[in-house]
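Analysis of the macromolecular model
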Amino acid sequence: MLQGYTYPLSPRGEANLAPAPPWHYAGDLVGVEFWTDPAAAAATLPEGLTPDQESDGRVVALFVDWQFSGESDEYLDPVRSQYREFMLLVDARFRDEPVSWCPYIYVDNDLAMARGWVQGFPKKLGSVHQTRIFAAPGKASPSLAAGGKFGASLSAAGHILAEARVTLEQPTSDRAALFRPTVNLRHFPTLTAGQYDKPAVHELVMAEFGDRQLADVWVGSGDISLFPARGEELADLADLAPVRTGTGFRASMSYTVTGVRRLSE
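Below: a short report on this structure.

With that settled, the discussion passes to the overall build of the protein. Counting its secondary structure elements, the protein contains three helices and 14 strands. Relative to the compact-globule value of 18 Å for 265 residues, the protein shows a C-alpha radius of gyration of 19 Å, a close match. Referenced to the eigenvectors of the C-alpha coordinate spread, the extents of the protein come out at roughly 55 × 45 × 40 Å. For the protein, with 265 residues in total, the buried portion stands at 46%. Long-range pairs, those at least 24 residues apart, make up 66% of the contacts in the protein between residues at least 6 apart in sequence. Accessible surface for the protein amounts to roughly 13,700 Å². Of this, 53% is attributable to carbon and sulfur atoms. Computed over 23 positive and 33 negative side-chain charges, the separation of the two mean positions in the protein equals 3 Å.

Inspection of the secondary structure assignment puts Gln170 in strand β9 (residues 159–171). Classification of Gln170 as partly exposed rests on a relative accessible area of 45%. A C-alpha to C-alpha distance of 9.1 Å links Gln170 and Leu144, two positions 26 residues apart in sequence. Apart from the residues within four sequence positions on either side, Gln170 is in contact with Trp218 and Val219.

In terms of residue burial, strand β10 (residues 182–188) counts as a mostly covered element, since five of its seven residues are buried. In this structure, strand β5 (residues 97–107) lies alongside β10, joined through two bridges in parallel fashion. Bridging across to β10, Ser100 finds its partner in Thr182. Alignment of β10 against strand β11 (residues 201–207), held across six bridges, turns out to be antiparallel.

Before going further, it helps to spend a moment on the environment of Leu191. One can find Leu191 in the loop between β10 and β11. Judged by relative accessible area, Leu191 falls into the exposed class, the value being 81%. Put simply, Leu191 and His129 are 62 residues apart on the chain and 36 Å apart in space, counted from C-alpha to C-alpha.

Turning to unusual backbone geometry, a few remarks are in order. Looking along the chain, the bond that leaves Tyr7 and enters Pro8 is cis, with omega of -10°. Mapping Pro8 onto the fold places it in the segment before β1 (23–35). Here the amide bond leading from Pro21 into Pro22 is cis, since omega sits at 15°, within 30 degrees of zero. The residue Pro22 is located in the segment before β1 in this model. For Asp56, which is not glycine, the phi dihedral falls at a positive 60°. Along the chain, the position of Asp56 falls in the loop between β2 (50–51) and β3 (58–69). Its relative accessible area of 46% is what places Asp56 among the partly exposed residues.

Let's shift gears to the nonpolar core. Of all hydrophobic cores here, the largest spans 40 residues; its most connected members are Leu49, Phe63, Phe86, Leu88, Leu154, Ile224 and Leu226. Not counting the four nearest positions on each side in its chain, Leu49 is found in contact with Ala92, Arg93, Phe94, Val99, Trp101, Val183 and Leu204. With 29 residues, the next largest nonpolar core counts Tyr25, Leu29, Trp66 and Tyr255 among its residues.

Counted by the stated rule, this structure contains eight aromatic pairs. For the pair Tyr25 and Tyr255, a centre-to-centre distance of 5.2 Å together with 35° between the ring planes defines the contact as tilted. Of the two residues, Tyr25 is situated in strand β1 and Tyr255 in strand β13 (residues 244–257); the sequence distance between them amounts to 230 residues. Assessed through its relative accessible area of 5%, Tyr25 is described here as buried. Taken together, the ring pairs connect Tyr25, Trp66, Phe68, Phe209 and Tyr255 into an aromatic cluster.

With that settled, the discussion passes to the environment of Gly248. You can see Gly248 is positioned in strand β13. Sequence separation between Gly248 and Gln3 is 245 residues, and the spatial gap between their C-alpha atoms is 44 Å.

Time to look at a nonpolar patch on the surface. Together, Leu2, Tyr7 and Leu9 give the surface a local cluster of nonpolar side chains, amounting to about 380 Å² of exposed area. The topology assignment puts Tyr7 in the segment before β1. The exposure class assigned to Tyr7 is exposed, which follows from its relative accessible area of 70%.

Analysis parameters
Residues numbered from 1 in each chain as written. Predicted model: local features only at pLDDT ≥ 70, side-chain atom pairs only at ≥ 80, totals over all residues. Heavy atoms only, no water. Helix = DSSP H or I, 4+ residues; strand = E, 2+ residues; numbered from the N terminus. Rg over C-alpha atoms; globule rule 2.2 N^0.38 Å. Buried < 20%, exposed > 50% of the residue type's maximum accessible area, 1.4 Å probe, protein only. Contact = heavy atoms within 4.5 Å. Areas by Shrake-Rupley, 256 points an atom, 1.4 Å probe, with all protein chains shown as cover. Lys, Arg positive; Asp, Glu negative; His and termini not counted. Charge placed at Lys NZ, Arg CZ, Asp CG, Glu CD. Pairing = 2+ DSSP bridges. Core = buried A, V, L, I, M, F, W, Y, C linked by side-chain atoms within 4.5 Å. Phe/Tyr/Trp six-rings, centres within 6.5 Å; stacked < 30°, edge-to-face > 60°. Patch = residues over 30% accessible without salt bridge, like charges linked within 9 Å, V, L, I, M, F, W, Y side chains within 5 Å. Salt bridge = Lys/Arg side-chain N within 4 Å of Asp/Glu carboxyl O.

Dropping the structure here:
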């Protein structure tokens, strides 16, 4: 019998892109909150979510430098376990609960893409980079201190799609304002003529992040630019182009994924 959790299934089950959970993550984040046209933000929402009228079109852009591990010290294989990611998180409501909705996300690693699709993150391939911190002080590394400056960028298919700059001002303990519960849509289409509009799986889920830890959360000023490109819907006038920016931030985070909570059938 062929074994594995995701494709490709194989005799020993070692060739699959993503082994079965638990999945453990640790990463450094550079982020900027911004506001877009509320109608454009609302247009990205799936059935089951409604616009957050109090947020009025708020979106958070996140650039993340990740390291992953399963239960077999996969982090010791850095070419597979390290990857970079960019995502947009739109403020929304599930019933009366404030949540984030992820309409677009880019990643540079096929293993991370497989895990993301299983969770409902709509991942596409991209090239993501951000300024790093190093323990040895020097002019090539910013510090987690007032005045520390960070840059980040996203490109895909030869097009620059996003650029951000963050200048730190102070540490913060108000972490709930930056990170809401994330809702995704697990969607797997049907490949049967006449039934393309009847997906095999189409369910709204809440991401569940166990043992979540946040460290060294700093906030400051932020700037974000999104650029239009063929085959993308990030930044055209009718899409999620920023109209004003808010807080920039830099943080470190870790968590474990063992499942998702189904919100709808």
